[in-house]
Amino acid sequence: PDLPLIGVGGITDARTAWDKVAAGATLLQLYTGLVYQGPSLLIDILKGLEAELAARGLASLADAVGIAEADWADRTLPPA
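Notes on the structure in this doc start here. Computed from a prediction, not measured in an experiment: that's the story for all the values here. (Residues numbered from 1 in each chain as written. Predicted model: local features only at pLDDT ≥ 70, side-chain atom pairs only at ≥ 80, totals over all residues. Heavy atoms only, no water.)

What follows deals with the overall build of the chain. Secondary structure assignment for the chain yields four helices and two strands. In the chain, the succession of α and β elements from N to C terminus is β-α-β-α-α-α. Each of the three principal axes of the chain carries a C-alpha extent, and together these read 35 × 35 × 25 Å. The contacts in the chain between residues at least 6 apart in sequence include a share of 48% that link residues at least 24 apart. If you sum the accessible surface of the chain, you get close to 5700 Å²; carbon and sulfur atoms cover 60% of it. For the chain, the distance from the average position of its 5 positive side-chain charges to the average position of its 10 negative side-chain charges is 6 Å. (Helix = DSSP H or I, 4+ residues; strand = E, 2+ residues; numbered from the N terminus. Contact = heavy atoms within 4.5 Å. Areas by Shrake-Rupley, 256 points an atom, 1.4 Å probe, with all protein chains shown as cover. Lys, Arg positive; Asp, Glu negative; His and termini not counted. Charge placed at Lys NZ, Arg CZ, Asp CG, Glu CD.)

What follows is the structure in structure tokens.
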């Protein structure tokens, strides 16, 4: 809990941002999505995260950090 986990890669919408937070990310890095979609991506992600919190009855994004951690930890990587 004292070490921040940064969700990176493929964050192009609220769903992928939510997945990173639910997996345990306390910070998100946006780059490619921001380059291709522009600053409006931030508003879209924030609105989507707000809607997800409301749908789940959570008070803040901090309450969502790691809620699907076990699901992500159980996944296996595809063969290289």
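Ile 11, Ala 17, Trp 18, Val 21, Ala 22, Leu 41, Ile 45, Leu 49, Leu 53, Ala 64 and Ala 68 form the largest nonpolar core, which has eleven residues in total. Of all the elements in the fold, those that place two or more residues in this core are helix H1 (14-23) and helix H3 (40-56). Those residues in contact with Val 21 that sit more than four places away from it in its chain are Leu 28, Leu 61, Ala 64, Val 65 and Gly 66. (Core = buried A, V, L, I, M, F, W, Y, C linked by side-chain atoms within 4.5 Å. Buried < 20%, exposed > 50% of the residue type's maximum accessible area, 1.4 Å probe, protein only.)

Moving on, we come to H3. Over its 17 residues, H3 extends 25 Å from the first C-alpha to the last, a length consistent with the 24 Å expected when each residue adds 1.5 Å. When we look at burial in H3, the residues that qualify are Leu 41, Ile 45, Leu 49, Glu 52 and Leu 53. Buried residues of H3, seen end-on, are gathered within an arc of 100° and therefore sit on one face of the element. Set apart from the buried face of H3 by more than 90 degrees, the exposed residues are Leu 46, Lys 47, Glu 50, Ala 54 and Ala 55. Buried positions along H3 lie against H1 and helix H2 (32-37). Positive phi appears at Gly 57, one or two residues downstream of H3, with a value of about 70°. (Expected span 1.5 Å × (residues − 1). Arc of directions from axis to C-beta.)

This paragraph deals with the pattern of salt bridges. Scanning the entire structure with this criterion turns up two salt bridges. One salt bridge in this structure joins Glu 52 and Arg 15, with 3.3 Å as the shortest N-O distance. Here the residue Glu 52 occupies a position in helix H3, and Arg 15 occupies one in helix H1, the gap between them amounting to 37 residues. Residue class for Arg 15 comes out partly exposed when judged on its relative accessible area of 43%. Here Arg 56 and Glu 52 are joined by a salt bridge, their closest N and O atoms 2.6 Å apart. With a gap of four residues between them, Arg 56 and Glu 52 both fall in helix H3, about one helical turn apart. Within the structure, one salt-bridge network assembled from shared partners comprises Arg 15, Glu 52 and Arg 56. (Salt bridge = Lys/Arg side-chain N within 4 Å of Asp/Glu carboxyl O.)

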